[in-house]
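Spelled out from the first residue to the last, the chains are:
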Amino acid sequence: MPRSYPGSAGVIVYLTQGKQHSSYGQSTMEQLRKSVGLLYQNYNTQQRDDVVFLHTGDVNAQQQASVLSLCGEEARFVELAKHHFELPPGVDPSSKEWLFPNKFSVGYRHMVRFFTVGIWEVASGLGYQFVMRLDDDAFVLSPIRYNIFAFMARRKLEYGFRLTSWEHGEPAQRGEFHQFVREYAINKGVSPHWGLADSCPDKSLERFTPERCGQVYTIYNNFFVANVSFWRRPDVQAFVKHVDASKTIYYKRWGDALWHSVALQLFLPRERVHMFDDFAYEHTSRKIYFYRGKPVVCFQWGGIALPNVPKQDLTVIGRARALTAINMCSRSRGDINRCNWAPKASGRLLGVFTGTVTPEAPEVLQ
């Protein structure tokens, strides 16, 4: 049964698997155990929020026991219904429309669809009002001294996140994604509450293109906290179902971060969305490649966000410095070891990132 807080019932969700992780060259379980250990060290030993590890049946009893040994009685594994990780009718992986076939697996696209469409059904079916997502390679690195779900409920917040990213990539740069959003909003008579049109010269989606309006402000949603009831609203569900029916999740690999971000900006007032900045958080995408027969690690995407506090923890600072020693996988993907500093606070490091990941809040658009 969901644990109860004043006005809230929340669950921390991991989507996990029992096999080797292709991007990291190490066991997913190793990553998950590290993430869960840090979650309990910095948050859940005190809060004891429910933790649910979702999987598709490939996590064996020994693997489950190794993870649950780090948790309390509030944690459990739940096997997902098969339809969450099956190709929808009419989707063909051999189609010429299927972009990036060697880079993003079918399983990855299933994951995108699950966090766009399925998670709300699952969380609601389990009886929760709020859901917090953590990836197995997402790490909470400093103490969170309050209950996140109670924080959201008290302030009547519908969605919270820690980092953002400016979306880019071939289909987005050609304007296909902007066209998709523009046509849906105009056809349904939906005006964005914030974000999407703010960078357009006329503040309108009528000519919403990357050339006129820039790339989409995107939630880096490997960590998010959401009120399930927002996503179950008829207007939001209509948008999500439209996305699902378009098959763009599979054919164009448009990710759940994009869909979350557009839904928030179309249907939710800015004051109901919160960007956390008071705890250290890391999500880095790395790859292992071989150079002259030896494995080399490169830093592909993401970074570490430090808490916006006057005095930083030296351990977290050391972790940020360590990231600067890792080479970028490709210089074309963004700045190498880009550092962010707090405005009007000389010397206060807010993070180390690569690509377009940033700790900038949506207010930069206004």
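Bear in mind that the values here come from a model prediction, so they are computed numbers and not experimental data.

Cut-off values and rules
- For every chain, the first residue of its written sequence is number 1, and the numbers climb from 1 along that sequence.
- Local features in this predicted model are restricted to residues whose pLDDT is 70 or higher, and side-chain atom pairs enter the listing and the counts only when it is 80 or higher, whereas totals over whole chains, interfaces and linings include all residues.
- Side-chain calculation: all heavy atoms of the structure are included, whereas hydrogens and water are not.
- Side-chain rings of Phe, Tyr and Trp, where Trp is taken by its six-membered ring, are said to pair if the distance between their centres is within 6.5 Å; with planes under 30 degrees apart they count as stacked, over 60 as edge-to-face, and otherwise as tilted.
- Helix numbers and strand numbers start at the N terminus; a helix is a DSSP run of H or I with at least 4 residues, a strand a run of E with at least 2.
- Exposure is judged per residue with a 1.4 Å probe applied to protein chains only, and the accessible area is read against the type maximum: over 50% gives exposed, under 20% gives buried, and values in between give partly exposed.
- Throughout this description, a polar contact denotes any pair of N or O atoms lying within 3.5 Å of each other; where both atoms belong to protein, one of them has to be capable of donating a hydrogen while the other can accept it, and for residues adjacent in sequence the pair is counted only when both atoms sit in side chains.
- Here, a salt bridge means any side-chain nitrogen of Lys or Arg that lies within 4 Å of a carboxyl oxygen of Asp or Glu.
- By nonpolar core we mean a set of buried residues, namely Ala, Val, Leu, Ile, Met, Phe, Trp, Tyr and Cys, connected to one another through side-chain atoms within 4.5 Å.
- By definition in these notes, contact holds between two residues if any of their heavy atoms fall within 4.5 Å.
- Between the first and last residue of a helix there are one fewer steps than residues, each counted as 1.5 Å, and that sum is the expected span.
- Strand pairing follows a simple DSSP-based rule, namely that at least 2 bridges must link the two strands.

Visitor: Could you give an account of the packing of aromatic side chains, with specific residues and numbers?
Guide: Tallied over the full model, the rule gives 30 aromatic pairs. Ring centres of W98 and Y250 lie 6.1 Å apart, and the angle between their planes is 40 degrees; on these two criteria the pair is classed as tilted. Taken as a pair, W98 in the loop between strand 5 (75-79) and helix 3 (106-125) and Y250 in helix 10 (residues 248-251) lie far apart in primary sequence, 152 residues in all. The exposure class of Y250 is buried, given its relative accessible area of 1%. Each residue in the set F85, F114, F115, W120, Y159, F224, F230 and W231 is aromatic and connected to the rest through ring pairs, giving one cluster.

Visitor: Describe the side chain of E74, and please don't skip the residues or the numbers.
Guide: Structurally, E74 is set in the loop between helix 2 (61-68) and strand 5. Within the structure, E74 has its side chain in polar contact with the side chain of R48 (distance 3.1 Å).

Visitor: Outline the pattern of salt bridges, listing residues and values.
Guide: One pass over the full model with this rule turns up nine salt bridges. One salt bridge connects D244 with R113, and the closest N-O pair in it is separated by 2.7 Å. Of this pair, D244 sits in helix 9 (residues 234-246) while R113 sits in helix 3, and the two are 131 residues apart along the sequence. Residues K252 and E176 are paired through a salt bridge, measuring 2.8 Å at the closest nitrogen-oxygen approach.

Visitor: Mind laying out the nonpolar core, listing which residues take part and the relevant values?
Guide: In terms of nonpolar packing, the biggest core is built from 60 residues, with L54, V131, Y159, W231, F239, L266 and F267 touching the most fellow members. Broken down by element, the residue count for this core peaks at eight residues, all from helix 3. Leave out the neighbours within four places in its chain, and W231 touches W120, Y159, A226, V236, Q237, V240, W259, H260, A263 and L264. L39, F53, V59 and F77 belong to the second largest nonpolar core, which has 39 residues in total.

Visitor: Lay out helix 9 in plain terms, naming residues and giving numbers.
Guide: The terminal C-alpha atoms of helix 9, which comprises 13 residues, lie 18 Å apart, in line with the 18 Å expected from a rise of 1.5 Å per residue. Tucked inside the fold, the buried residues of helix 9 contact helix 3, helix 6 (176-188), helix 8 (228-231), helix 10 and helix 11 (256-267). Downstream of helix 9 by one or two residues, K247 has phi in the positive range, about 65 degrees.

Visitor: Account for the pairing of strand 11 (residues 223-227), naming residues and giving values.
Guide: Within strand 11, five of the five residues are buried, leaving the element largely enclosed by the surrounding structure. Residue alternation in strand 11 divides its side chains into two sets, F223, V225 and N227 and F224 and A226, and both sets are buried. Where strand 6 (residues 130-134) meets strand 11, five bridges bridge the pair, whose relative direction is antiparallel. Pairing of L134 across the sheet is with F223, part of strand 11. In the sheet, strand 8 (residues 159-161) pairs with strand 11 via three bridges, with the strands oriented antiparallel. In the sheet register, Y159 faces strand 11, and the bridge partner there is A226.

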